[in-house]
Amino acid sequence: MRQRTFAESEQVDFVIVGSGSAGGIMAKELSTAGFSVVVLEQGPWRRTQEFVHDEMSTWFYDDLLPSRADFPQTFRRSADERAELSQGGPPPLLYASGVGGSSVHFTANFWRFRPVDFKERSLVGAINGTGFADWPITYEELEPYYTRVDWEIGVSGAPGPNDPPRSRPYPMPPMPVKSSGALLETGARKLGLNAQPAPLAVLSQPFNGRNACVHCGYCMGYGCEMGAKSSTLVAMIPQAIDSGNCEIRPESIVLRVDIDGAGRATGVTYVGADRVERQQNARAVIIAANGAETPRLLLMSASPQAPNGLANSSGLVGRYMMWNAHGDTFALFEHPLNEYKSVQATRIIHDFYDSDPGRGFYGGGGLDSRLFSGPIMFGLFGLPPDEPWWGQQYKERLHEYFTRTMQVAAAGTSLPVETNTITLDPDVTDVLGRPALRATYRDHPDDVKMIAFLQARSRELMEAAGAKKIWGEPAAESTIGAHLLGTCRMGDDPATSVVDRYHRSHDVRNLFICDGSSFVTSGRGQPTMTIMALAFRASEHIARAAQNTI
Amino acid sequence: MPESTRREFVSSSAAFLGGGWLWLQLPAVATLSACARDAATRNDPFTTLSAAEGRAIRAFATRILPSGDGLPGAEEAGAAWFADGALGGPMAHFRDLITGGLADLDARATAAHSVAFADASPEQQDALMHEVEDSEFFFIARLLVVAGTFADPSHGGNRDHAGFTLLQMEHAPAFHPPFGWYDEEHVRVHGPTAGGTA
């Protein structure tokens, strides 16, 4: 179906900035509810058949990411440092650019948050030097929307002993176990832990008119040419188009949110692929540009009425960024695992989810089994550090190790630290003359301790599973964030939060913000399921508000 | 290179390394447009590198992933042709680094053995490469060889999937379970719908 288009002069009900995990859902929800919607997406509109099994293009030539030359980023550890331009390797703020956003290239680990995640400040108490706080909503309030994600986006899985309550079973069985999952389970059995099937936003069987996964192995970082990975590109955008009320405008980069004299949003100013500046007027503006681009846009929308940035009377726009700490442990086994086949993770362990005062620090996390590296990455960095890195023995080791290696990936909490921020770089600009994204980030010491703890458990699990050899880098401070959380936090008090419990900006009545930036705490390392649940919930409230003329 | 030195080098190469999480040591080959993807054949002339540079990088590649043990190496994969294409396209910013490094290897071989690097014996080549092993040139040249052996053949290397053969990787657009030895065993013991340890 051809999508409806709107004239630029036409005032639509909603303009949505971003078409990813949150924006894609809100576009579908609001357009199918009868509202007129224009979605401005900075990246291209790729179709599923355009995605390829090409490690070089995807991981080394950044085919799915924003152009680094055109959209530079800078990084520093703390505010007293000058931020350095990121010139190579993945950017510090890693997200995909294109319709569907990062839901196109993500790994598709779909852990729900648990009740504790929303009220942990009350349970654990204050933590010095952090903005650790309860969410204004509970798991129980969000549960119906998690279930909608399961059934409308498409999640495969099976119940596990550590799961939060769910009102409806998974819509389809889990993906078949891989050798890494079988080995994690073997280790868990011996140690008295619980390895359970990984919930994944990947279809284990045909669902809602979409294909099932064919186990090609190109998930993490790649787009899915089968449409089996549950991105909003395949699960939501087609329905938004079919509603006849939604226009997706790719390659449209928003410069600022426009505000009238009364302090209400009137729309946005943006440029299309031709770089010509345009306005899109709307009754309400929704920003869902991700936890880095959303605060950047608000800060760029400063005006005499809002000199520190739009919706920023609290001063918290861009603050409390959380990336989720990560750490890996690698293991070699006797027989082939062939981890290059199928999805990344098929088993997870959530026995260390809750924070335990007995550990001496705050934190919780989860483990999953996989092998991240494709052939090039494995050839470059896959062998243990005590093996040669070129020559005959290097070759022999690659021949032996590639099919016999797995990793246990540990993902954990990030505490909200006010000095971890997105700000506008004062020295570096992008191709449009906008200030570059500047990330300032240093993990809270407890975040690193939690990862070290999880790596120690990973090592025990691999020993118990019978590994021939185990290796890994020690837990260290992060330099890259793929989970961009907390930078426009949700709360009831306008002095200590940016949006209210319904994602409405405290400062601008017809401005809504919903994506990873809304998070108050980080969860345990897999945030997309929660971003999507928040988007379903926000859409319902926004639609209700719109019926009351916002 | 000793392990500690290698790690130090890698972690200090901030200009072209990521760091942190999964991309712990991922080199910088970003900000690049699409590569020239016409697959070359073994006897095609090099287009970016000179004939002498082409001989040198073929020799270098052969010492990174040697041939002759019954498994394909970098030469069988045509890794040098990948490098030639990449240095004329997405990795053009490394061209001077690589040609300079190859000239340096030739100069060292001439000084020590009175021959070009490509004409030195494998033992002599290995010794010369050890001399420059801690350089940015070596790091990026090795990257080109490894990528040229294992990247999708559309980039000009990995001919006849030689790299996948070396890794014992089955090349197919789709797979079916069992995927490996342990999941096959797991299903045999626990059944196909086993739901973890619970």
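Before going into details, it helps to say that this report is about the structure given with it. Here the structure is a predicted model, which is why all the values come from computation and not from measurement. (Residues numbered from 1 in each chain as written. Chains lettered and ligands numbered in written order. Predicted model: local features only at pLDDT ≥ 70, side-chain atom pairs only at ≥ 80, totals over all residues. Heavy atoms only, no water.)

In this section: the overall build of chain A. Secondary structure assignment for chain A yields 13 helices and 17 strands. Relative to the globule expectation of 24 Å for 550 residues, the C-alpha radius of gyration of chain A, 22 Å, shows essentially globular dimensions. If one aligns the C-alpha atoms of chain A with their principal axes, the spans along those axes are about 70 × 55 × 50 Å. For chain A, with 550 residues in total, the buried portion stands at 68%. Summarising the internal contacts of chain A: among those between residues at least 6 apart in sequence, 75% fall at separations of at least 24. For chain A, the exposed surface amounts to about 17000 Å²; the carbon and sulfur share of it is 48%. (Helix = DSSP H or I, 4+ residues; strand = E, 2+ residues; numbered from the N terminus. Rg over C-alpha atoms; globule rule 2.2 N^0.38 Å. Buried < 20%, exposed > 50% of the residue type's maximum accessible area, 1.4 Å probe, protein only. Contact = heavy atoms within 4.5 Å. Areas by Shrake-Rupley, 256 points an atom, 1.4 Å probe, with all protein chains shown as cover.)

Take the pattern of salt bridges next. Tallying each qualifying case throughout the model produces 43 salt bridges over all chains. Taking the shortest distance from any N to any O, the salt bridge between Glu-185 of chain A and Arg-189 of chain A comes out at 2.6 Å. Taken together, the residues Glu-185 of chain A and Arg-189 of chain A, both in helix H6 (residues 179-191) and 4 residues apart, mark about one turn of the helix. The class of Glu-185 of chain A is buried, set by a relative accessible area of 0%. Given a relative accessible area of 38%, Arg-189 of chain A falls into the partly exposed group. Linking Lys-395 of chain A and Asp-69 of chain B is a salt bridge whose minimum nitrogen-to-oxygen distance equals 2.8 Å. (Salt bridge = Lys/Arg side-chain N within 4 Å of Asp/Glu carboxyl O.)

As a further point, take the sheet that holds strand E16 (residues 469-471) of chain A. What links the strands of a sheet is backbone hydrogen bonding, and the strands pair in either a parallel or an antiparallel sense. All names here are of chain A. Here 6 strands make up an open sheet; going across it, the order is E5-E11-E12-E13-E10-E16 and the pairing antiparallel. Two strands bound the open sheet, and with one partner strand each, they are strand E5 (195-197) and E16. Pairs of neighbouring strands in the sheet enclose a mean axial angle of 25 degrees, with direction left out of account. In terms of strand pairing, strand E12 (residues 365-370) meets strand E13 (residues 405-412) through 6 bridges, oriented antiparallel. Residue pairing in the sheet places Ser-369 in a bridge with Val-408 of E13. H6 contacts E5, strand E11 (347-349), E12 and E13 of the sheet and is inclined by roughly 35 degrees relative to E11. (Pairing = 2+ DSSP bridges. Axes fitted to C-alpha atoms, helices over the stretch in contact; angles between N-to-C directions.)

Let us look at the environment of Ala-452 of chain A. Mapping Ala-452 of chain A onto the fold places it in helix H12 (residues 445-464). Sequence-wise, Ala-452 of chain A and Ala-410 of chain A are 42 residues apart; in three dimensions their C-alpha atoms are separated by 9.1 Å.

The next subject is helix H7 (residues 136-150) of chain B. Every α-helix carries 3.6 residues per turn, so stepping three or four residues along brings you back to the same face. Along its 15 residues, H7 of chain B runs 21 Å from first to last C-alpha, staying within 8% of the 21 Å computed at 1.5 Å per residue. Of all 15 residues making up H7 of chain B, 14 are buried, and the element is well covered by its neighbours. (Expected span 1.5 Å × (residues − 1).)

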